[in-house]
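# Observations on the model geometry
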Amino acid sequence: KARGAFNRLLHHAQQHPSRRVAAASGGNHGIAVALAARSLGFTADIFVPANTPEAKRELLESLGATVHAQGQQYAQAFEACEQFIADTDAILCHAYDQADTLAGQGTVAREWADQTAGLDTVLVAVGGGGLIGGMAAWYQGDTRVIAVETTGCPTLHAALAAGGPVDIAVGGIAADSLGARRLGKQVYPIVQRYVAASLLVTDDEVVAARRFAWSACRVLLEAGGATALAAWLGGHYQASPGERVG
């Protein structure tokens, strides 16, 4: 998330005078925007749904952001953010549907290319699609990209089934981090061209993946962070002998 937020603000700072940024977020993107804003001399207004965990709100405030709790879902927080931008000189830092955000988050794929001898397949958790869109745009088919979502937040899965982004109901264990109601418009053409498959995992499988990450690696993951791992551990993706998977 920080990659997309920093890239957006750095690009904006080169072209426009405003030093005020606004973003809507379930929490993580907002934290990244607040961090980037503090680091680069911007003020940040972050719009979050009312169900955003208190720990994330406290972190936002500790980073100097003004926090606005609006509605019960990300989409409602985003509508309030858009109105705020219309009434002020703030610029939008979108969580996923913005070229600067996509390019910044896509650097994850570039780092993997630099740090490994090459991956055959990557499993990527999806909310609104910023991470998978940026990574798939970087790989452009050279590495197989597999989308992974929970059954409660099947935004990309639903878009592929419908032939384009559609509104869905979101819920379940990963809603605070993967709960975008609609896949990004800029993301969908990239997904359509470069994402090989879309997998769904259950909340129970995400819980099991979180437990595994802690017991085996001593890594603490929130639900969204364990979603791709859940597809691997749950057998939803079967690797071929010798296949290198990220």
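Everything discussed here concerns the structure shown above.
Below or above, wherever it landed, is the structure these notes cover. Since the structure is predicted, the reported quantities are computational estimates derived from the model, not experimental observations.

## Some points on the sheet that holds strand S7 (residues 195-201)
Spatially, S5-S6-S7 is the arrangement adopted by the 3 strands of the open sheet, whose pairing is parallel. Of all strands in the sheet, those with a lone pairing partner are strand S5 (121-125) and S7, marking the two edges. On average, each strand axis in the sheet is tilted by 25° relative to the strand beside it, whichever way the strands run. Sheet topology places S5 next to strand S6 (residues 144-150); 5 bridges connect them, and they run parallel. Residue Thr121 lies in a different strand from S6, and its bridge partner there is Arg144. Relative to S7, helix H10 (residues 187-194) is tilted by about 105°, and along the sheet it contacts S6 and S7. Packing of helix H12 (residues 223-233) onto the sheet brings it into contact with S5, S6 and S7, and relative to S5 it is tilted by some 140°.

## Looking at the packing of aromatic side chains
Per the stated rule, a full pass over the model turns up 3 aromatic pairs. Taken together, a centroid distance of 6.1 Å and an interplanar angle of 20° make the contact between Tyr74 and Phe78 stacked. With Tyr74 and Phe78 both in helix H4 (residues 74-87) and 4 residues apart, this pair spans about one turn of that helix. When the ring of Tyr74 is compared with that of Tyr96, the centres are 6.0 Å apart and the planes differ by 40°; the resulting orientation is tilted. With a gap of 22 residues between them, Tyr74 in helix H4 and Tyr96 in the loop between strand S4 (91-92) and helix H5 (99-105) connect regions that are remote in the sequence. Judged by its relative accessible area of 10%, Tyr74 falls in the buried class.

## A look at unusual backbone geometry
The residue Gln140 is not glycine, and still its phi comes out positive at about 50°. Tracing the backbone shows Gln140 in the loop between helix H7 (130-139) and S6. Of note in this structure, Arg218 is not a glycine but carries a positive phi near 55°. Inspection of the secondary structure puts Arg218 in the loop between helix H11 (203-217) and H12. For Arg218, a relative accessible area of 54% puts it in the exposed group.

## Observations regarding the packing of helix H2 (residues 28-40) against helix H3 (residues 54-62)
H3 packs onto H2 with a crossing angle of 10° between their chain directions and a minimal axis gap of 9 Å. Between H2 and H3, the crossing angle belongs to the class labelled roughly parallel. Contacts between H2 and H3 involve Asn28, Gly30, Ile31, Ala34 and Arg38 from the former and Lys56, Leu59, Leu60 and Ser62 from the latter.

Definitions and limits used
- Residues numbered from 1 in each chain as written.
- Predicted model: local features only at pLDDT ≥ 70, side-chain atom pairs only at ≥ 80, totals over all residues.
- Heavy atoms only, no water.
- Pairing = 2+ DSSP bridges.
- Helix = DSSP H or I, 4+ residues; strand = E, 2+ residues; numbered from the N terminus.
- Axes fitted to C-alpha atoms, helices over the stretch in contact; angles between N-to-C directions.
- Contact = heavy atoms within 4.5 Å.
- Phe/Tyr/Trp six-rings, centres within 6.5 Å; stacked < 30°, edge-to-face > 60°.
- Buried < 20%, exposed > 50% of the residue type's maximum accessible area, 1.4 Å probe, protein only.
- Parallel < 35°, antiparallel > 145°, perpendicular 65-115°, else oblique.

Any link to function would need more than the numbers given here.
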